[in-house]
Amino acid sequence: NFDFDVTELNAGSGRSIGVGSINYIKEDMGGLYTMEVGNMRMNQVASFYIFATLQPANSPYPRIPDDPQARVGRLESTGLNVEWQPVRSQYQHRTEYCVFYHAASSHTPSDVHSSPYAHQLRSASTKRQRCTRRPFTRLQNLQPRTEYHIDVMARDLTTQRMTTYIGVKAATLSAHQQRQQAVYER
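Below: a short report on this structure. Note that this is a predicted model, so its numbers are computed, not measured.

**Some words on the side chain of Thr 172**
- By the secondary structure assignment, Thr 172 is in the loop between strand S12 (168-171) and helix H1 (175-185).
- The exposure class assigned to Thr 172 is buried, which follows from its relative accessible area of 4%.
- A distance of 2.5 Å separates the side chain of Thr 172 from the backbone oxygen of Gln 143, its partner in a polar contact.
- A polar side-chain atom of Thr 172 sits 3.1 Å from the main-chain amide nitrogen of Arg 145.
- Look past the residues within four positions of Thr 172 in its chain and what remains in contact with it is Glu 76, Ser 77, Gly 79, Leu 80, Leu 142, Gln 143, Pro 144, Arg 145, Thr 146 and Tyr 148.

Quick look at the structure:
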């Protein structure tokens, strides 16, 4: 266990804004640590889990590819396609991908969006979810002309541990834009 100082890096001020500590929890094919960071000015504490190992092949977490970015394919007024690279081959047979999405207008700071290091999704109740065994899916019944935040998580079905891809934002088309797209594609 050790403590550390949290320094504000914004605009190079370098002033102390809080304190933190890292505590060792257990050894589980590596080390699982919990890190708590407190902000003195706002009287807030945030907790994070960190998994570290020197043997990544034995990790209970799915190993995502070197390019962990989710991507948006075809856009329509009420749907869109999302795709990503599959997990490393030794994990594919036991991996499920869960795609969480919500309108940007309902996005909160506690949402996972764009965090490649998330331990688990804490705000699943605010998002819609679709799970698949393939590295792509189609999101349907979306609102036209609406921006969505989309997160993809790989879940190891054996250990139930999740690893997060880098999320993406996408806006659905208006009905007019979709008609124009259809004419252009002919």
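What follows continues from the structure just given.
**Description of the environment of Gln 129**
- For Gln 129, the position within the fold is in strand S8 (residues 128-132).
- Overall, Gln 129 belongs to the partly exposed group, its relative accessible area being 43%.
- Taking the C-alpha atoms as reference points, Gln 129 and Val 152, separated by 23 residues in sequence, lie 9.7 Å from one another.
- Sequence-distant contacts of Gln 129, defined by excluding residues within four places in its chain, comprise Cys 98, Val 99, Phe 100, Tyr 101 and Arg 155.

**So, the sheet that holds strand S9 (residues 136-139)**
- Strand order across the open sheet formed by three strands is S5-S6-S9, with antiparallel pairing between neighbours. Strands at the two margins of the open sheet, each flanked by one partner only, are strand S5 (71-75) and S9. With direction set aside, neighbouring strand axes in the sheet form an average angle of 25 degrees.
- Across three bridges, the pairing between S5 and strand S6 (residues 80-83) is antiparallel. Paired with Val 72 across the two strands is Val 82, which belongs to S6.

**Side note on the pattern of salt bridges**
- Under the counting rule described, the total for this entry stands at six salt bridges.
- Close ionic contact of Arg 138 with Glu 76 constitutes a salt bridge, the shortest N to O distance being 2.5 Å. Taken together, the residues span a long stretch of sequence, with Arg 138 in strand S9 and Glu 76 in the loop between S5 and S6 at a distance of 62 residues.
- Residue Arg 138 is classed as partly exposed on the basis of its relative accessible area, which comes to 25%.
- In the salt-bridge network here, residues are joined through shared partners; they are Arg 74, Glu 76 and Arg 138.

Here is what the cut-offs are and how they apply
Throughout this description, residue numbers start from 1 for each chain and increase along the sequence as written. Reporting in this predicted model follows two pLDDT cut-offs: at least 70 for local features of residues, and 80 or more for side-chain atom pairs to be given and counted; totals over whole chains, interfaces and linings ignore these cut-offs and use all residues. The side-chain figures draw on all heavy atoms in the structure; neither hydrogens nor water molecules are used. Strands here mean DSSP runs of E at least two residues long; helices mean DSSP runs of H or I at least four residues long; both are numbered from the N terminus. A 1.4 Å probe rolled over the protein chains alone gives each residue an accessible area, and that area as a share of the maximum for its type sets the label: buried under 20%, exposed over 50%, partly exposed in between. We call two N or O atoms a polar contact when they sit within 3.5 Å, provided that within protein one can donate a hydrogen and the other can accept it, with sequence-adjacent residues counted only if both atoms are side-chain atoms. Contacts between residues were defined by any pair of non-hydrogen atoms, one from each residue, lying within 4.5 Å. When DSSP finds two or more bridges between a pair of strands, those strands are recorded as paired. Under this scheme, a helix contributes an axis fitted over its contacting stretch, all axes are lines through C-alpha atoms, and angles between N-to-C directions fall in the 0 to 180 degree range. Salt bridge criterion: a side-chain nitrogen from Lys or Arg within 4 Å of a carboxyl oxygen from Asp or Glu.

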